[in-house]
Amino acid sequence: MATTVAGVTTINSTITTTTSSPHSPWDDATWILTSAFIIFTMQSGFGLLESGMATRRNEVNIMMKNAIDVVFGGMLYWAVGYGISFGVSPGSNAFSGWGSFFLDPDDEHMGTEFSKFTFQASFATTATTIVSGAMAERTKLHAYIVFCLTNTLVYSFPAHWVWAPNGWLKQLNVVDVAGVGPVHLVGGVTALIAAIMLKPRYGRFGGRIKLTSSSPVNSLLGLFILWWGWLGFNCGSTFGISGGKWKLAAKAAATTIMASCGGGITAFFISFVFYKRITKVRLITNGILGSLVSITGICAVTQCWAAIIIGSVGAIIEAAGEVLLLKFKIDDPVGATAVHFFCSVWGLLCCGLFANVDTVQNKAFSAHSGIIMGGDFYLLGVQCLAVVSIIAWSATVSFINLKILDLTIGLRVDIEDELLGADVYEHMCYPPGFDLEDAKKSIHKRVAKDRMFGFIKDKPKANEVTTDGSSCMCFFGKSRVLTNNIVHPQEQDQDSRQDGDHYQKKSSKLSDSRLRLVANDNICISDIETDNDKKSVNSDKSLGEANSADSEVRGRSRASSGKDSLQDTDRDKTCQIM
């Protein structure tokens, strides 16, 4: 109906609206699904961050591993992990859930169950993605695939302890709104174990090459995507917007932003003071990420001023953690240990200081106040217990998991493949103008020389030969035979080589035993003495030239009878060029 008053026409209409119940399940399910979609974009953020901080020869491989995290980790979480975390069938207990394996709920419950599964699956894959940064540039791809499957279970148990109604930490009223323990602490501890077991990348601490980040721009772009995803991470952890949950979600967004602001300002200050006014991209990026990790557990039950303090302390802890890793020569290419391990410990402990009682959802997220907020020491004690238990679980299970993989499949790639880059040897992705054969020859030469001069201290397999074109080294059983003499057989016959000046200089120390390393038409000769199974190597000073650095090499020993002859088991060994 329309009416005209003083020249103004107004239209009165009846608008029919459908008002949902304050506790409508589809409201919560929609919120959870939307948050899960946002969290899913964090995979691209992690990929850009890690590939930007790693060297250029591994960019494709790092992005591929982030896809592997989702497809393999997500599959196992659907089959087993979700049931361990949130199964409620008979047999579920304080340590582990039971039921809901190979999740397929009925029509009545599928909305809430599938939305919750999708959300938690994004958490589970994030816990594994954290580790991929610490393992970057030196891990076999097929070993990493198996690791993705097994590491999903490492996350599933702490998730039950913290979030399931009958979880033992939940029964103690632990405060962890968005997974600083099950996600970040589990991922950070596993990252540290993996980095220690894999050992540093070639050239990270010494050596003749310097490792540089491939793209700081990608790292910063990855930061912004992760920043966006973190809002879904923290706000979505209210598990809905019904009742007063939407208020807690809004609060989580505000505290998340303020914590990252505090951490970012602190990181800028640290860079300005300790790096002579240079703004270090890695320091700023990881400082902000450290502050985001720190606020994750308490985001919905604290205040903005406390969030700024929490984020600032998180940035300091992250920067100090990076220094500590360098001191102990632990190679973490992206700083995952400092960001997720050290800062998540602070993220759990700060709940015992700054948390408020959850009066909006009847103590659903926090039943006790922290010390600074007027509470007693109970909550801080529970948070300390959570830290110790999750660290102990993650370190033990991750070590066993990785050790089994190392003994069976092998975790680390060969040194030559590492220098060649995973983009080439795993994915056959060649940069423009790349010549594979020339690259292999160059790498063989570099590795041989660095082994000779002690830059590489690995333990090659028995019966391996390396040559850089002017020197040969044979790993003959447990002995290392090195000579700087490569001669052409056409230039000298065997007798003249044995009687020539090369041997006259050290004739008093020579035995009758000789090790000959034959490379096509080149011969690399080294003299060996044995005394009670101990071999000493006499290297000559003359230099020759070799025709090929990557040719197949054979080593044969001739032993004469007598005290200093080589053992029979040392004869007729075959050596292959590395």
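Given the structure is predicted, the values throughout are model-derived calculations rather than measurements. The residue numbers shown here count from 1 along each chain, following its written sequence. Owing to the predicted nature of the model, reporting of local features is limited to residues with pLDDT of at least 70; listing and counting of side-chain atom pairs is limited to 80 or more, with chain, interface and lining totals taken over all residues. Water and hydrogen atoms were dropped before computing side-chain values, which therefore reflect all heavy atoms in the structure.

Draft legend 1. Focus on the overall build of the chain. On a plain count of helices and strands, the chain comes out with 19 helices and eleven strands. Using a 1.4 Å probe on the protein chains alone, a residue whose accessible area is under 20% of its type maximum counts as buried, one over 50% counts as exposed, and one in between counts as partly exposed. The proportion of buried residues among the 578 residues of the chain is 53%. Nonlocal contacts in the chain, meaning residues at least 24 apart in sequence, comprise 72% of its contacts between residues at least 6 apart. For helices the rule is a DSSP run of H or I covering at least 4 residues; for strands it is a run of E covering at least 2, with both sets numbered from the N terminus onward. Note on contacts: a residue pair qualifies if any of its non-hydrogen atoms lie within 4.5 Å across the two residues.

Draft legend 2. Region of interest: the packing of aromatic side chains. Here a Phe, Tyr or Trp ring, Trp counted by its six-membered ring, pairs with any other such ring whose centre lies within 6.5 Å, and the pair is stacked when the planes are under 30 degrees apart, edge-to-face when over 60, and tilted otherwise. The final tally for this structure, using the stated rule, is 22 aromatic pairs. When the centroid spacing of 4.8 Å and the interplanar angle of 85 degrees are considered together, the rings of Trp-98 and Phe-101 count as edge-to-face. Under the relative-accessibility criterion, Trp-98 is labelled partly exposed at 48%. Their ring planes at 5 degrees and their centres at 4.2 Å tell us that Phe-123 and Phe-233 sit as a pair that is stacked. Placement of Phe-123 in helix α4 (residues 110-134) and of Phe-233 in helix α8 (residues 216-235) is noted, with a sequence separation of 110 residues between them.

Draft legend 3. Structural detail: the packing of helix α11 (residues 304-327) against helix α12 (residues 336-349). Across the interface, α11 lies against α12 with an axial gap of 8 Å and an inter-helix angle of 130 degrees. Viewed along their axes, α11 and α12 adopt a mutual orientation that is oblique. As α11 runs across α12, the sense of the crossing is right-handed. Touching Ile-310, Val-313, Gly-314, Ile-317, Glu-318, Gly-321, Glu-322, Leu-324 and Leu-325 of α11 are Thr-337, Ala-338, Val-339, Phe-342, Cys-343 and Trp-346, all from α12. Three categories are distinguished: nonpolar for Ala, Val, Leu, Ile, Met, Phe, Trp, Tyr, Cys and Pro, charged for Asp, Glu, Lys and Arg, and polar for the others, with Gly belonging to the last. In terms of residue class, the contact of α11 with α12 is built from ten nonpolar, three polar and two charged. What counts as an axis is a line fitted to C-alpha atoms, over the stretch in contact for a helix, and the angles between N-to-C directions run from 0 to 180 degrees. Small angles under 35 degrees read as roughly parallel and large ones over 145 as roughly antiparallel, with 65 to 115 read as roughly perpendicular and the rest as oblique. Crossings are sorted by hand: turned counterclockwise from the far helix by less than a right angle, the near helix makes the crossing left-handed, and turned clockwise it makes it right-handed.

Draft legend 4. Quick look at the environment of Thr-34. For Thr-34, the location among the structural elements is in helix α1 (residues 25-40). Residue class for Thr-34 comes out partly exposed when judged on its relative accessible area of 38%. As a C-alpha pair, Thr-34 and Ser-115 span 81 residues in sequence and 9.2 Å in three-dimensional space.

Draft legend 5. Just unusual backbone geometry, in detail. A positive phi angle is found at Asn-173, which is not glycine, with a value near 65 degrees. Here Asn-173 shows up in the loop between α6 (168-171) and α7 (180-198). The class for Asn-173 is partly exposed, based on a relative accessible area of 30%. Non-glycine residue Lys-363 carries a positive phi angle of around 65 degrees. Here Lys-363 is to be found in the loop between α13 (351-354) and α14 (378-408). Residue classification places Lys-363 among the partly exposed residues on the basis of a relative accessible area of 47%.

Draft legend 6. Expanded view of the side chain of Ser-366. If you trace the backbone, Ser-366 turns up in the loop between α13 and α14. Pairs of N or O atoms within 3.5 Å make up the polar contacts considered here, provided that, within protein, one atom can donate a hydrogen while the other can accept it, and that residues adjacent in sequence are counted only when both atoms are side-chain atoms. At 2.9 Å, the side chain of Ser-366 and the backbone oxygen of Asn-356 are in polar contact. Here Ser-366 is in contact with Val-175, Val-301, Ala-355, Asn-356, Val-357 and Asp-358, once residues within four sequence places are set aside.

Draft legend 7. The nonpolar core, seen in detail. Ranked by internal contacts, the top residues of the largest apolar core, which has 101 residues, are Tyr-155 and Ile-298. Ignoring any residue separated from it by four or fewer positions in sequence, one finds Ile-298 in contact with Ile-310, Cys-350, Cys-351, Phe-354 and Ala-355. Listed in part, the seven residues of the second largest apolar core include Ile-415, Leu-419, Leu-420 and Val-424. What makes a nonpolar core is a set of buried Ala, Val, Leu, Ile, Met, Phe, Trp, Tyr and Cys residues whose side-chain atoms join them at distances within 4.5 Å.

Draft legend 8. Inspection of the confidence of the model for the chain at higher detail. Residue-level confidence of the predictor, termed pLDDT, takes values from 0 up to 100. On average, residues of the chain score 79 in pLDDT, and 72% of them reach the 70 mark or higher. Low pLDDT, under 50, characterises residues 475-578; the stretch is placed with 234 contacts to residues that sit more than four places away or in other chains.

Draft legend 9. Focus on the environment of Met-75. Structurally, Met-75 is set in helix α3 (residues 59-86). Relative accessible area serves as the criterion here: at 53%, Met-75 is assigned to the exposed category. Sequence spacing of Met-75 and Thr-152 is 77 residues, and the spatial spacing of their C-alpha atoms is 9.6 Å.

Draft legend 10. Broad picture of α7. Its 19 residues place the ends of α7 25 Å apart at the C-alpha level, agreeing with the 27 Å of an ideal helix rising 1.5 Å per residue. For α7, the buried fraction is high: 18 of the 19 residues fall into the buried class. Where α7 terminates, the next one or two residues include Lys-199, which has phi positive at roughly 70 degrees. Given a helix with a known number of residues, its expected span is that number minus one, times 1.5 Å.

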